[in-house]
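Chain by chain, the residues:
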Amino acid sequence: MAFEVGEEMIAGKLRTVALSLDSVNGKKYRLELTDGKFEQCFLTDQNHSFSSSGYKHQRLTDASDTALHFEDLPYQPSPYLHSSESIAVEFYLHPSGKAWAIGSKNNRMHVFFANADTEHRYVHQIVKTLPEGERQVEKSQKGYVYQGNKTFCGKTRSII
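Summarised in this report is the structure supplied together with it. Every residue gets a number counted from 1 within its own chain, in the order that chain's sequence is written. For a predicted model such as this one, the threshold for reporting local features is a pLDDT of at least 70, and the threshold for listing and counting side-chain atom pairs is 80 or more; totals across whole chains, interfaces and linings nevertheless cover every residue. Note that water and hydrogens are dropped before the side-chain values are worked out from all heavy atoms of the structure.

1. What to know about the nonpolar core
So the rule is basically this: By nonpolar core we mean a set of buried residues, namely Ala, Val, Leu, Ile, Met, Phe, Trp, Tyr and Cys, connected to one another through side-chain atoms within 4.5 Å. Each residue gets one of three labels from its accessible area relative to the maximum for its type: buried under 20%, exposed over 50%, partly exposed in between, using a 1.4 Å probe on protein chains only. Under the DSSP-based scheme used, a helix requires at least four consecutive residues in state H or I and a strand at least two consecutive residues in state E, with every element numbered from the N terminus. Note on definitions: a residue-residue contact is assigned when non-hydrogen atoms from the two residues lie within 4.5 Å.
In terms of nonpolar packing, the biggest core is built from 29 residues, with Val 89, Trp 100, Phe 112, Tyr 122, Phe 152 and Ile 159 touching the most fellow members. Put simply, the parts of the chain that give this core at least two residues each are strand S2 (13-20), strand S7 (86-93), strand S8 (99-105), strand S9 (108-114) and strand S10 (123-127). Ranked by residues supplied to this core, first place goes to S9 with 5 residues. In contact with Phe 112, other than residues within four places in its own chain, are Leu 81, Ile 87, Val 89, Ala 99, Trp 100, Ala 101, Tyr 122, Val 123, His 124, Phe 152 and Ile 159. Membership of the second largest hydrophobic core comes to 6 residues, among which are Phe 3, Val 5, Leu 31 and Leu 33.

Written as C-alpha cells, this is what we have:
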C-alpha cells in the first residue's frame, strides 16, 4: 500500500504521519509513528495538511507489532493541494497512457503527472517557472498530445 508521508521534529522526537494514497469505502488509513515506532492506525475521511519539509510518497514494505518499514517511490512529490483548492491546467496525454498537466496559481507553477510509477495516481510537483510554454513544448516533443484545458481538483486529486 502506498502512502503520502510527512515527518517533523516535535520536542526532540521524529513524528511521522502516513496517509494512504488510496481510499477504502471513502476513508484512508492514517498511521502515526514516533521515532520510527508504530503508535496508532485508524481510518479517516480527512486529508492531512503536510508541509513540504520531509514530504514524500512511500510504499509500506514490512510491518510488525512495533515497527513499520517504508521505501521511497521513484519520484519527488510536493504536498497535494488542500481539498477546497483547484487549479486550471493544460492537460496532455501520451500514447503510452501517461498523463501530464501544468497550471499556475499564486505565482507558482504546478505540474501533475500520472504513469506506471505512480500507479496512475496524479502526483503534484511545484516546479521552477520557465518561460511561457517552454515545458509544454518539451512535452509535445516527447509525444504528449494536448487534450484541452481542464481542472485539477484538490478534493478528488484528479483532473476533470
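And the narrative resumes.
2. Some remarks on the pattern of salt bridges
Formally: When a carboxyl oxygen of Asp or Glu is within 4 Å of a side-chain nitrogen of Lys or Arg, the pair counts as a salt bridge.
If you walk through the whole model with that rule in mind, you get 9 salt bridges. Measuring nitrogen to oxygen at the nearest pair gives 2.7 Å for the salt bridge that ties Arg 15 to Glu 32. Taken as a pair, Arg 15 in strand S2 and Glu 32 in strand S3 (residues 28-34) lie far apart in primary sequence, 17 residues in all. Looking at Arg 15, the relative accessible area reads 22%, which means it is partly exposed. Judged by relative accessible area, which is 5%, Glu 32 ranks as buried. Where Arg 30 meets Glu 32, a salt bridge forms, and the shortest distance between an N and an O atom there is 2.6 Å. Exposure class is identical for Arg 30 and Glu 32. Each is buried. Residues joined by salt bridges that share partners form a network here, namely Arg 15, Arg 30, Glu 32 and Glu 39.

3. Thoughts on the pairing of strand S11 (residues 145-153)
Note the following rule: Paired strands are those between which DSSP finds at least two bridges.
Two strands pair when backbone bridges link them, and S7 and S11 are joined in this way by 8 bridges, in the antiparallel orientation. Across the sheet, Glu 90 pairs through a bridge with Asn 149, a residue of S11. Examined bridge by bridge, S11 and strand S12 (residues 158-159) share 2 bridges and lie antiparallel to one another. For Phe 152, the partnering residue across the bridge sits in S12 and is Ile 159.

4. Here we look at the packing of aromatic side chains
The following threshold applies: Planes of paired rings set the category: under 30 degrees apart is stacked, over 60 is edge-to-face and the rest tilted, where pairs are Phe, Tyr or Trp rings (Trp by its six-membered ring) whose centres lie within 6.5 Å.
Considering all chains together, one arrives at 6 aromatic pairs under this definition. When the centroid spacing of 5.8 Å and the interplanar angle of 85° are considered together, the rings of Phe 3 and Phe 70 count as edge-to-face. Pair noted here: Phe 3 is in strand S1 (residues 2-10) and Phe 70 is in strand S6 (residues 68-72), with a separation of 67 residues, a long-range link. Accessibility expressed as a relative area gives 1% for Phe 3, which makes it buried.

5. What to know about the sheet that holds S3
Our working definition: To define axes, lines are fitted to C-alpha atoms, for helices over the stretch in contact only, and angles between the resulting N-to-C directions are given on a 0 to 180 degree scale.
Spatial ordering of the open sheet is given by S4-S3-S2-S1-S5-S6, a layout of 6 strands whose pairing is antiparallel. A strand with exactly one partner marks an edge of an open sheet, and here the two such strands are strand S4 (37-44) and S6. Adjacent strand axes in the sheet meet at a mean angle of 35°, parallel and antiparallel pairs treated alike. Across 5 bridges, strand S5 (residues 56-63) lies against S6 in antiparallel orientation. Across the sheet, residue Leu 60 finds its bridge partner in S6, namely Phe 70.

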